[in-house]
Amino acid sequence: VTADRETLARMSFQRFFRTYPVLAGMTGTADEAAFEMSRVYERPVTVIPTNRPLIRQRWATRVFRTSEDRWNAVAEAIQSAHDAGRPVLVGSRSIESSEVIAHKLEARGLRHRVLNANFDKEEADLISHAGKHRSITVATNMAGRGTDIKLDREAKDVVLTEMHTARRIDRQFIGRAGRQGDPGSSQMFVSLDDELLRVHVAGLARALRGSMSSGELSGAARAQALALFRLAQRRAEFR
């Protein structure tokens, strides 16, 4: 048995990148991190217009009291889009969540493909079918990044996702719909027992959940919940 390794020195990513004499980069989601780019790296962010006009629709976020309510609503939304002939990309934050929604789809008899770290070898093939007429693809946020989803002529693409710990990651997922001027839409489904709230605003989330009885929040309750999610996301980004 070899001896334990000893750390002689360590350096943060931020400090490491600042050792370079020239620092630049390109990404589709830098605008959300413009403040960090300026404060940490002293680099401005320039937004370049898209090659073709963006016509993707952003539908209103739906908020639910529990995860079970949320997943049932997601399955129902997928069913509606599928019946309309639209391909659906379902975004999840973890392998566990992707498997939960997969079980919901199986119960409804909806054929689908799961794209997560357990199926990395089939990733290219899964992505190649994600834009097909009436296809359903369930993916984690790390799977399939950097690949284009080619759409059938009659197809439109829908993204259904949870809220992540940074707006930038949300946009990475949303950006998979309506690429290159294609039609598409995105919608987010969240619940008051999501990990984002449990970790960053646990007390406030518990109090709000205790005051609610209905499955889906609306009106003032929905506005309160969305404000809580934005606060939790800001705390996560700051961390």
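Everything that follows concerns the structure shown earlier in this document.
Residues numbered from 1 in each chain as written. Predicted model: local features only at pLDDT ≥ 70, side-chain atom pairs only at ≥ 80, totals over all residues. Heavy atoms only, no water.

With a phi close to 55°, Glu 42 is a non-glycine residue in the positive phi region. The exposure class assigned to Glu 42 is exposed, which follows from its relative accessible area of 65%. (Buried < 20%, exposed > 50% of the residue type's maximum accessible area, 1.4 Å probe, protein only.)

Looking now at the pairing of strand β7 (residues 184-191). Judged by how many residues are buried, β7 sits mostly within the fold: 8 of 8 residues are covered. Residues Gly 184, Ser 186, Met 188 and Val 190 of β7 are buried on one face, and the alternating residues Ser 185, Gln 187, Phe 189 and Ser 191, pointing to the opposite face, are buried as well. When strand β1 (residues 57-58) meets β7, the two strands line up parallel, connected through 2 bridges. Note that in β7 the partner of Arg 58 across the bridge is Ser 186. Relative to β7, strand β2 (residues 62-64) is paired through 3 bridges, and the arrangement is parallel. Looking across to β7, one finds that Phe 64 is bridged to Ser 191. (Helix = DSSP H or I, 4+ residues; strand = E, 2+ residues; numbered from the N terminus. Pairing = 2+ DSSP bridges.)

Let us look at the packing of helix α3 (residues 67-83) against helix α4 (residues 95-107). Between α3 and α4, the least distance of the axes is 10 Å, while the angle of their chain directions is 55°. When the axis of α3 is compared with that of α4, the two are oblique. The way α3 lies across α4 gives a crossing that is right-handed. Contacts between α3 and α4 involve Glu 68, Trp 71, Asn 72, Val 74, Ala 75 and Ile 78 from the former and Ser 97, Val 100, Ile 101, Lys 104 and Leu 105 from the latter. In terms of residue class, the contact of α3 with α4 is made up of 7 nonpolar, 2 polar and 2 charged. (Axes fitted to C-alpha atoms, helices over the stretch in contact; angles between N-to-C directions. Parallel < 35°, antiparallel > 145°, perpendicular 65-115°, else oblique. Left-handed = near helix turned anticlockwise from the far one by under 90°. Contact = heavy atoms within 4.5 Å. Nonpolar A, V, L, I, M, F, W, Y, C, P; charged D, E, K, R; others polar.)

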